[in-house]
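# Notes for the structure review
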Amino acid sequence: MAGWAKAPDFADRPQRLAEVRAQTIVDKHGHLETGMTPVACRNCGTEVLVRKSSAHQTSVQWPVHPADHCPVFREQAAGPGRHVSCPHLQRTIDHAAAEGLIPLE
Ligand SMILES: [Zn+2]
């Protein structure tokens, strides 16, 4: 088809690409409860949605299957025990909360 618009390609602009990706994630989960703040694990980059209903109560939603994205989860899921969590992600969430990036509901 003549005049076919080429899809935008931000491969040469990683910063812009990251912004577009973040926007896409926000859009995709726009139907979820309001007040969810996307937080990306500083260690593995896995993104979760976090909401704080009080200073001591934090709920985390996983838009993705953790073991598919986080090496810590993958390792724990493969071993014994049921309580799996990523300490790096937990620290990232704590940090974001301490910096006021996660608004209290
Ligand atoms: Zn992680």
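The following refers to the structure shown.

The rules we used
- Every residue gets a number counted from 1 within its own chain, in the order that chain's sequence is written.
- Where totals are concerned, whole chains, interfaces and linings use all residues; where local detail is concerned, this predicted model gives features only for residues with pLDDT of at least 70, and gives and counts side-chain atom pairs only at 80 or more.
- Side-chain figures throughout are based on the complete set of non-hydrogen atoms in the structure, without hydrogens or water.
- The helix and strand labels rest on DSSP assignments: H or I over at least four residues marks a helix, E over at least two residues marks a strand, and numbering proceeds from the N terminus.
- Per-residue accessibility, obtained with a 1.4 Å probe over protein chains only, is compared with the maximum for each type, and a residue is labelled buried under 20%, exposed over 50%, and partly exposed between these values.
- Working rule for contacts: check all heavy atoms of both residues, and any pair within 4.5 Å makes them a contact.
- Per-residue and other accessible areas were derived by the Shrake-Rupley procedure at a 1.4 Å probe size, with only the shown protein chains allowed to occlude residues.
- Excluding water, the donors of a metal are its N, O and S neighbours within 2.8 Å, or within 3.2 Å for Na, K and Ca, and that exclusion means sites may look incomplete.
- Here, nonpolar core refers to any group of buried Ala, Val, Leu, Ile, Met, Phe, Trp, Tyr and Cys residues whose side-chain atoms link them within 4.5 Å.

Now for the overall build of the protein chain. If you tally the helices and strands in the protein chain, you get 4 helices and 3 strands. Helices and strands appear in the protein chain in the N-to-C order α-β-β-β-α-α-α. Burial status across the protein chain gives 21% buried among its 105 residues. Restricting to contacts in the protein chain with at least 6 residues of sequence separation, those with at least 24 account for 39%. When the accessible area of the protein chain is evaluated, it comes to approximately 7700 Å², of which 54% is carbon and sulfur surface.

This next bit is on the coordination of the zinc ion. Those donors, C44 (SG), C70 (SG) and C86 (SG), are the protein atoms that reach the zinc ion, and they lie 2.5 Å from it. On the basis of relative accessible area, C44 is assigned to the partly exposed category, the value being 24%.

On to the nonpolar core. Counting 12 residues, the largest nonpolar core consists of V39, C41, V48, V50, C70, V72, F73, C86, L89, I93, A96 and I102. Considering every element that reaches this core, the biggest residue donor is helix α4 (residues 87-98), with 3 residues. With near-sequence residues (within four places) excluded, V48 lies in contact with T37, P38, V39, V60, Q61, W62, P63, L89 and I93.

So, about the environment of S54. By the element assignment, S54 lies in strand β2 (residues 47-54). Between the alpha carbons of S54 and P103 there is a distance of 9.5 Å; along the sequence they are 49 residues apart.

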